[in-house]
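Okay, here's what each chain looks like letter by letter:
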Amino acid sequence: MPLTPDKDWWRQAVVYQVYPRSFADSDGDGIGDLRGVTSRVEHLRRLGVDAVWLSPFYPSALADGGYDVDDYRDVDPRLGTLADFDEMLATLHDAGIRVIVDIVPNHTSNRHEWFRQALEAGPGSPERDRYVFRDGLGPDKDQPPSDWRSTFGGPAWEPVGDGQWYLHLFAVEQPDLNWDNPDVREDFLKTLRFWADRGVDGFRVDVAHHLAKDLSADPLPSAAELPILDEVVDGSHPLGDREELTEIYAGWREVLDSYDPPRAAVAEAWVAPARRHRYARPTSLGQAFNFDLLRANFDAREFREIVDRNLAATAESGSSNTWVLSNHDVVRHPTRYGLPDDTSGEGDVGRRWLLSGGAAPELDPVRGLRRARAATMLVLALPGSAYVYQGEELGLPEVADIPAQDRQDPTFFRSPGHDVGRDGCRVPLPWAADAPSYGFGPTSAAHLPQPPWWGALAVDRQEGVDGSTLELYRAALRLRRELLGAEALEWLDDAAVGAAAPGGTVLAFGRPGGWVNVTNFGAEEVPLPDGEVLLASGDLGHGVLPGETTVWLRR
Ligand code: NOJ
């Protein structure tokens, strides 16, 4: 199926996130690679996705799973070559699937040519100006310029031995770039052109809100004085979501729009929801991730509030919505939904469960998967694009008990050991129950250990099995393609669906063309609303919609 010439393809696309190291390994070294992706294009085609987003596959020491990039315009030799990339791209395009690549502009790796030059050239040099270097405090300059903490734990400044320190908001191997420097700006435009010229269809922009910074205050504010970034709504935070980004991304948009069709872009921006539209404007990146559901309980009221808020936001930006239930940074949603509701208001029940080593609070995996399937169907029925994280289609839960010696996430090392980090959602995929490494590669090697129960969830165990999560995703994506119309949604009240919704536990909405989604968030069954049943996330009883189940109807 050839690609359609539609320039707005991204507005309601189903985008499948490939985390390349953990997707499929073609050469048996235990690390997934680009040829592995090519070998599994048929899986993606049958699943029915519109696009693939590849997390970084660039040369990297993998200090942060590839988000520490040594060279933005090449492929890590362990993952393949540029020729492998071209072949993968062509195979995906031939299958009618577009390709989005990840751009990491806030920081390079500490092995990047520029950073090496910066260390060699010394204080005050143009080479150092590409990064955020400052003199240390105190007579010997042996104190950090401020007490800021990095996102992964530990200090955000690292000394380089000559009285200067560099800023790294993430791992120590990820020095922050200085976006006031023209070399930096020019080089990323070159990177965008490099991949767009090769034929990629779009870009996912890593921590898009952090690029511009204002470190002119002397002394710098202390960590305690820094406001919480996603609570600032006027662009005044020194480290992120600043006004200067408007100009930077306008420059990117110019490059993206110079292609036919224009290249798409989606911002990863952890900013106040009220600020998200700034990245999603057509004059900016065009789309921004909405991560609100990652923090929500499986709760009708919370879902409805999030949907309403985001529909309003996209109406303001002219963009389309992005719905995300899982990705490579968060606890997989079947696990989150198997935990007791978060009543703390912190919305991070999954992380707390991980911190406990998966011991507490109590996990109900059956309930978690039931709710995850219901939530997925609801999200797939919403206007906008849906991001599906690899393995979601198999109903994979988080792997909590990865031994300390196998952990890779810098969060684990910098906490240290206190936060186990994100490895549990990055375990190499199971493709075949009885094969070595469950079919991930031709040998038993897998860069993170696969649990003994992984095989039961393998693709070949679910293929053709009625009611399996894989078949549910396939059916849902097939139907979505048929049913998808304008980006409109109409809430249906209880009277309109005929379902008594005890305590407001049923959420029902209609899409153009008579497509109706009804989700019963409650534990108790409710009467099944009228209409032709198209698909349900669980077994429908006679004339009832069971608890924690979604049904799609045609009216
Ligand atoms: C966001 C990415 O999704 C995450 O995996 C990474 O660790 C940070 N950005 C830093 O690049």
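Residues numbered from 1 in each chain as written. Predicted model: local features only at pLDDT ≥ 70, side-chain atom pairs only at ≥ 80, totals over all residues. Heavy atoms only, no water.

1. Structural notes on the sheet that holds strand S14 (residues 515-520)
Item 1. Strands sit in the order S12-S13-S14-S18-S16 across an open sheet of five strands; the sheet is antiparallel. Of all the strands in the sheet, the pair left with one neighbour each is strand S12 (490-491) and strand S16 (532-536).
Item 2. In this fold helix H14 (residues 469-483) packs onto S14, S16 and strand S18 (549-554), with an angle of close to 135° to the strand it touches most, S16. (Pairing = 2+ DSSP bridges. Helix = DSSP H or I, 4+ residues; strand = E, 2+ residues; numbered from the N terminus. Contact = heavy atoms within 4.5 Å. Axes fitted to C-alpha atoms, helices over the stretch in contact; angles between N-to-C directions.)

2. A word on helix H5 (residues 182-198)
Counting along an α-helix, one turn takes 3.6 residues, and residues three or four places apart therefore face a common direction.
Item 1. A rise of 1.5 Å per residue sets the reference length of H5, with its 17 residues, at 24 Å; its end C-alpha atoms lie 25 Å apart and thus fit the reference within 8%.
Item 2. All of the buried residues in H5 are Val184, Asp187, Phe188, Leu189, Thr191, Leu192, Trp195 and Ala196.
Item 3. One or two residues past the end of H5 sits Gly199, with phi positive at roughly 115°. (Expected span 1.5 Å × (residues − 1). Buried < 20%, exposed > 50% of the residue type's maximum accessible area, 1.4 Å probe, protein only.)

3. Some remarks on the side chain of Arg11
Item 1. You can see Arg11 is positioned in the segment before strand S1 (14-18).
Item 2. From its side chain, Arg11 meets the backbone oxygen of Ser319 in a polar contact 3.0 Å long.
Item 3. Residues within four places of Arg11 in sequence aside, it is in contact with Gln287, Gly318, Ser319, Ser320, Asn321, Gly384, Ser385 and Glu487. (Polar contact = N/O pair within 3.5 Å; in protein donor to acceptor, adjacent residues only side chain to side chain.)

4. Description of the site of the ligand
Item 1. Taken together, 14 residues lie near the ligand, and Asp64, His107, Asp206, His328 and Asp329 sit nearest.
Item 2. A distance of 3.0 Å is found between an oxygen atom of the ligand and a side-chain nitrogen or oxygen belonging to Arg204.
Item 3. One nitrogen or oxygen atom from the side chain of Asp329 is found 2.5 Å from an oxygen atom belonging to the ligand.
Item 4. Here the ligand has 300 Å² of accessible area as a free molecule, and 97% of this is covered by the chains.
Item 5. Of the residues belonging to the shell around the ligand, the class tally is four nonpolar, three polar and seven charged. (Near = heavy atom within 4 Å. Areas by Shrake-Rupley, 256 points an atom, 1.4 Å probe, with all protein chains shown as cover. Nonpolar A, V, L, I, M, F, W, Y, C, P; charged D, E, K, R; others polar.)

5. Observations concerning the nonpolar core
Item 1. Counting 132 residues, the largest nonpolar core has Phe85 and Trp252 as the members making the most contacts within it.
Item 2. No other element matches the eight residues that H14 contributes to this core.
Item 3. By size, the runner-up hydrophobic cluster in this structure holds 15 residues, among which are Trp148, Ala156, Leu169 and Leu215. (Core = buried A, V, L, I, M, F, W, Y, C linked by side-chain atoms within 4.5 Å.)

6. Considerations on the pairing of S1
Item 1. Counting buried residues in S1 gives five out of five residues, a clear majority hidden from the surface.
Item 2. Side chains of S1 alternate between two faces, with Val14, Tyr16 and Val18 and Val15 and Gln17 buried alike.
Item 3. The pairing of S1 with strand S11 (residues 385-389) spans four bridges and is classified as parallel. Within S11, the residue paired with Gln17 across the bridge is Tyr389.
Item 4. Note: S1 against strand S2 (residues 51-54), four bridges, orientation parallel. Bridging from a neighbouring strand, Gln17 pairs with Trp53 of S2.

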